[in-house]
Amino acid sequence: DAKTTQPPSMDCAEGRAANLPCNHSTISGNEYVYWYRQIHSQGPQYIIHGLKNNETNEMASLIITEDRKSSTLILPHATLRDTAVYYCIVRDDNAGNMLTFGGGTRLMVKP
Amino acid sequence: DSGVTQTPKHLITATGQRVTLRCSPRSGDLSVYWYQQSLDQGLQFLIHYYNGEERAKGNILERFSAQQFPDLHSELNLSSLELGDSALYFCASSGPSGLNEQFFGPGTRLTVL
């Protein structure tokens, strides 16, 4: 799997948009970008995934650059409950189904 | 609530002992995955079962083994426990497609004293 690079930590004011970047410059054509988050020591929670088009669901939006070398997860109105570690994962459907977690970004939403 | 259940929630045991962690996947999910999260190693994939068959192995020690039963629940067996095995153990399940999102259980916190 291609590796990802994320900033170790970020802060965001409550009510503002949280924009979490991820670099995956070695991504190949059949690899998807997945985002998960882990709140405290709970089990990781799936957020969103995409291949090349931007995606939006009830939790977040995923913006993937045209060259697919980076992406941004957007939480449009962050709340205190969004404080968590966010993991960007690149996943190849031919390389097995496991998720390879990196260090993630620790997002702290502040009042 | 992801629909994945894990028992027990906490487990405290001594070095050299053997424990069994149990996971029930979401209704209809055929795939079960086990992950270990320790302070120094982060979240690491251990093993994947699909409909009773082992599909992939990750960084799973020889002292660890798993199985998936006909009712699709899975058990992770950890033997000859060492202090370094203290960690959170998560189970996840997913649908049939390789790209289906994985739904994680609440985890079992294992403490080896």
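Everything below is about the structure shown above.
Treat the numbers as computed from the prediction; the structure is a model and nothing was measured.

Draft legend 1. Structural context of the sheet that holds strand 1 (residues 9–13) of chain A. Residue and element names in this part refer to chain A. Taken together, the 5 strands give an open sheet; going across it, the order is 1-9-8-3-4, and neighbouring strands pair in mixed fashion. The sheet terminates laterally at strand 1 and strand 4 (45–50), the two strands that pair on one side only. If you compare each strand with its neighbour and ignore which way they point, the axes differ by 25° on average. Sheet analysis places strand 1 next to strand 9 (residues 105–110), joined by 5 bridges and oriented parallel. By the bridge assignment for strand 9, aspartate 11 is matched with methionine 108.

Draft legend 2. Representation of the packing of aromatic side chains. Considering all chains together, one arrives at 11 aromatic pairs over all chains under this definition. Between tyrosine 35 of chain B and phenylalanine 104 of chain B the ring centres are 5.3 Å apart and the planes differ by 45°, which places this aromatic pair in the tilted class. Separated by 69 residues along the polypeptide, tyrosine 35 of chain B in strand 4 (residues 31–38) and phenylalanine 104 of chain B in strand 10 (residues 103–104) bring together distant segments of the chain. Phenylalanine 104 of chain B gets classed as buried once you look at its relative accessible area, which sits at 4%. One aromatic cluster is present, built from ring pairs that chain together Tyr34, Tyr36, Tyr46, Tyr87 and Phe101 of chain A together with Tyr35, Phe45, Phe90 and Phe104 of chain B. One cation-aromatic arrangement involves arginine 91 of chain A over tyrosine 34 of chain A; the distance from NZ or CZ to the ring centre is 5.0 Å. When the ring centre of phenylalanine 103 of chain B is taken as reference, the NZ or CZ atom of arginine 26 of chain B above it lies at 3.8 Å.

Definitions and cut-offs
Residues numbered from 1 in each chain as written. Chains lettered and ligands numbered in written order. Predicted model: local features only at pLDDT ≥ 70, side-chain atom pairs only at ≥ 80, totals over all residues. Heavy atoms only, no water. Pairing = 2+ DSSP bridges. Helix = DSSP H or I, 4+ residues; strand = E, 2+ residues; numbered from the N terminus. Axes fitted to C-alpha atoms, helices over the stretch in contact; angles between N-to-C directions. Phe/Tyr/Trp six-rings, centres within 6.5 Å; stacked < 30°, edge-to-face > 60°. Buried < 20%, exposed > 50% of the residue type's maximum accessible area, 1.4 Å probe, protein only. Lys NZ or Arg CZ within 6 Å of the ring centre and 35° of its normal.

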